[in-house]
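What follows is each chain in one-letter form.
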Amino acid sequence: EHMGDSVSYCKGTWDYIEERLIMNNLAVAQPTMMETVETRKMTTLEDTVRGEVNRYLENLEGNAPPVNLYNIVIDAVEEPLLRAVMRYTNNNQVRAAKLLGIARGTLRARLKKFGLID
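Keep in mind that what you see is a predicted model, and the values were worked out from it rather than measured.

1. Remarks on the overall build of the chain
(1) Moving on: When helices and strands are tallied, the chain shows five helices and two strands.
(2) Moving on: Secondary structure of the chain in N-to-C order comes out as β-α-β-α-α-α-α.
(3) Moving on: Within the chain, the fraction of its 118 residues that count as buried is 16%.
(4) Moving on: For the chain, contacts bridging at least 24 residues in sequence account for 45% of all contacts bridging at least 6.
(5) Moving on: Element-wise, carbon and sulfur atoms account for 55% of the exposed surface of the chain, whose accessible area totals about 9200 Å².

Structure, rendered in structure tokens:
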């Protein structure tokens, strides 16, 4: 008898999963430290982006797609990425820049673009 794949997640991973589920309007109940989350396959970031872009294009319903889709997608991903990294690093710009692999000045410019710093 196959009982399904059981995978234990650390708190940080569960926070990410929970955030994605909430964004998709799905109810979640966070497991305790000793509980496991049953899953068949963990969705990758690439799978999530691909799915969201496909959903966006399908929802155009015959309307002409925007000519700047690349910028729309990059802006849609960049702001939440910056917010998450800044939260993860407790707003430490040096650590955040290192984690992102960009110069601190570039990070500051991107944070300003999205109104995340003055």
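2. Let's talk about the pattern of salt bridges
(1) Moving on: Summed over the entire model, instances satisfying the criterion amount to six salt bridges.
(2) Moving on: Across the salt bridge formed by Glu-52 and Arg-55, the nearest N and O atoms sit 2.6 Å from each other. With Glu-52 and Arg-55 both in helix H2 (residues 45-58) and three residues apart, the pair spans about one turn of that helix.
(3) Moving on: With a relative accessible area of 32%, Glu-52 lands in the partly exposed category.
(4) Moving on: Judged by relative accessible area, which is 42%, Arg-55 ranks as partly exposed.
(5) Moving on: Glu-79 is the partner of Arg-83 in a salt bridge, and the nearest nitrogen-oxygen pair spans 3.0 Å.

3. Topic: the packing of helix H3 (residues 69-88) against helix H5 (residues 104-113)
(1) Moving on: At their nearest, the axes of H3 and H5 sit 10 Å apart, and the two run at 115° to each other. It follows from the interaxial angle that H3 and H5 lie roughly perpendicular. Here H3 and H5 pass one another in a crossing that is left-handed. Along its contact with H3, which presents Asp-75, Glu-78, Leu-82 and Met-86, the element H5 presents Leu-107, Arg-110, Leu-111 and Lys-113.
(2) Moving on: Tallied by class, residues from the contact of H3 with H5 come to four nonpolar, no polar and four charged.

Cut-off values and rules
In this numbering scheme, every chain counts its residues from 1 along its sequence in written order. In view of the model being predicted, local features appear only for residues whose pLDDT reaches at least 70, and side-chain atom pairs are presented and counted only at 80 or more, with totals across whole chains, interfaces and linings using the full set of residues. To obtain the side-chain values, all non-hydrogen atoms of the structure were used and water was disregarded. Helix and strand labels come from DSSP, where a helix needs a run of H or I of at least four residues and a strand needs a run of E of at least two; each type is numbered from the N terminus. Exposure categories follow from relative accessible area, calculated using a 1.4 Å probe and restricted to protein chains: below 20% of the type maximum is buried, above 50% is exposed, and the middle band is partly exposed. In what follows, a contact means two residues having at least one pair of non-hydrogen atoms within 4.5 Å. Only the protein chains shown count as cover for residues, and the accessible areas themselves come from Shrake-Rupley with a 1.4 Å probe. Basic side-chain nitrogens of Lys or Arg form a salt bridge, by our definition, when they fall within 4 Å of a carboxyl oxygen of Asp or Glu. Only the stretch in contact is used when a helix axis is fitted, and all axes are lines through C-alpha atoms; the angle between N-to-C directions ranges over 0 to 180 degrees. Orientation is classified from the angle alone, with under 35 degrees giving roughly parallel, over 145 giving roughly antiparallel, 65 to 115 giving roughly perpendicular, and any other angle giving oblique. By convention the crossing between two helices is left-handed if the near helix lies anticlockwise of the far one by an angle smaller than a right angle, and right-handed if it lies clockwise. Each residue gets one label: Ala, Val, Leu, Ile, Met, Phe, Trp, Tyr, Cys and Pro are nonpolar, Asp, Glu, Lys and Arg are charged, and the others, such as Gly, are polar.

By themselves, these are just geometric observations and shouldn't be taken as functional.
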